[in-house]
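The residues making up each chain are set out below.
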Amino acid sequence: MNLTIGKAMRWWEKGVQPNMREIESAQDLADSLLNAGDKLVVVDFFSPGCGGCRALHPKIAQFAEKNPEVIFLQVNYELHKSMCYSLHVHVLPFFRFYRGAQGRVSSFSCTNATIKKFKDALAKHGADRCSLGPAKGLEESELMALAANSDLDFTYNKKQDIVPIADAIMKEAAAPGSPWLQPLSATVTRLFNQGSENSFLSSGR
């Protein structure tokens, strides 16, 4: 007589809510944070063999159920060790909170005994708000570390955050409906160009 035993549900899959999802890659993590908009995102780093992670999981699932507007992303340390090293995650269970244009707003390790840390961070950063700008996602240093990791299929193209002030003004002057009364004279344009190498105007964060 042959008995077929079904695959037992892994503990980190029990009680999973619609707003909880396991991350598949570094690119998946980066994209998920950018696509979250103003929503609070909790990144939960865990390991199947971590007793503290297993004990804490039911409470995290309860928090997810009570806070459907918050996104919970699970990162399996055993499957993504290289990525976790690049993100400087060396202790488990570990959590990082990200929110809109602010990017990372909290980072800590906690267990059942110190669950108040998690509750406090959720209450502080989960309140309704509107970010002034697009979601920031991972820190630039984290993105660069992931891109430098040869074990990961991840690329990062650094965005240009500053533009020469002369270029910015001339572009505005040439635009339809520009507030400038007339096109910039050749003399003014030449003066702008002479100083453009050392004059920069911030455009963004």
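Predicted model, so just to flag it, every value in this text is computed and none were measured. (Residues numbered from 1 in each chain as written. Predicted model: local features only at pLDDT ≥ 70, side-chain atom pairs only at ≥ 80, totals over all residues. Heavy atoms only, no water.)

Q: Please give an account of the nonpolar core that cites residues and values.
A: Counting residues in hydrophobic clusters, the biggest one holds 23 residues, and the most contacted among them are L29, L33, V43, F45, M83, L138 and L146. Those elements giving two or more residues to this core turn out to be helix 1 (26-34), strand 2 (40-46), strand 3 (71-76), helix 3 (81-86), strand 4 (94-99) and helix 5 (140-148). The dominant element in this core, judged by the number of residues it contributes, is helix 1, at four residues. Membership of the second largest hydrophobic core comes to 18 residues, among which are M20, F63, F97 and L122. (Core = buried A, V, L, I, M, F, W, Y, C linked by side-chain atoms within 4.5 Å. Buried < 20%, exposed > 50% of the residue type's maximum accessible area, 1.4 Å probe, protein only. Helix = DSSP H or I, 4+ residues; strand = E, 2+ residues; numbered from the N terminus.)

Q: For the packing of aromatic side chains, give the residues involved together with the corresponding values.
A: One pass over the full model with this rule turns up 12 aromatic pairs. Ring geometry for F97 versus F118: centroids 5.4 Å apart, planes at 65°, classification edge-to-face. Placement of F97 in strand 4 and of F118 in helix 4 (residues 116-125) is noted, with a sequence separation of 21 residues between them. Comparing F97 with F118 shows no difference in burial state: the two are buried. An angle of 80° between the planes, with centres 6.5 Å apart, marks the rings of F108 and F118 as edge-to-face. Within this pair, whereas F108 is found in strand 5 (residues 103-109), its partner F118 is found in helix 4, the two being separated by 10 residues in sequence. The two residues F108 and F118 agree in class, both being buried. (Phe/Tyr/Trp six-rings, centres within 6.5 Å; stacked < 30°, edge-to-face > 60°.)

Q: Account for the pairing of strand 5, with residues named and values stated.
A: Working note: regular strand, side chains alternate between the two faces of the sheet. Pairing analysis gives six bridges linking strand 4 to strand 5, with the strands arranged antiparallel. What sits directly across from R96, in strand 5, is S107. In sequence, strand 4 turns back onto strand 5 through a hairpin of three residues, with G100 there showing a positive phi of about 45°. (Pairing = 2+ DSSP bridges.)

Q: Outline the pairing of strand 2, listing residues and values.
A: Among the seven residues that make up strand 2, seven are buried, leaving the element largely enclosed by the rest of the structure. Here strand 2 shows no split at all, with L40, V42, D44 and F46 on one side and V41, V43 and F45 on the other all buried. Two strands pair when backbone bridges link them, and strand 2 and strand 4 are joined in this way by six bridges, in the antiparallel orientation. Bridged to D44 within strand 4 is F95. Read as a crossover between parallel neighbours, the route from strand 2 over helix 2 (residues 51-66) to strand 3 is right-handed. (Right-handed = clockwise from strand over helix to strand, strands pointing away.)

Q: Tell me what's going on with the pattern of salt bridges, and back it up with residues and numbers.
A: This structure, assessed with the given rule, holds seven salt bridges. A salt bridge links E142 to R104, with the shortest nitrogen-to-oxygen separation between them at 2.5 Å. Placement of the pair is E142 in helix 5 and R104 in strand 5, with a sequence separation of 38 residues. On the accessibility criterion, R104 (29% relative accessible area) is partly exposed. (Salt bridge = Lys/Arg side-chain N within 4 Å of Asp/Glu carboxyl O.)

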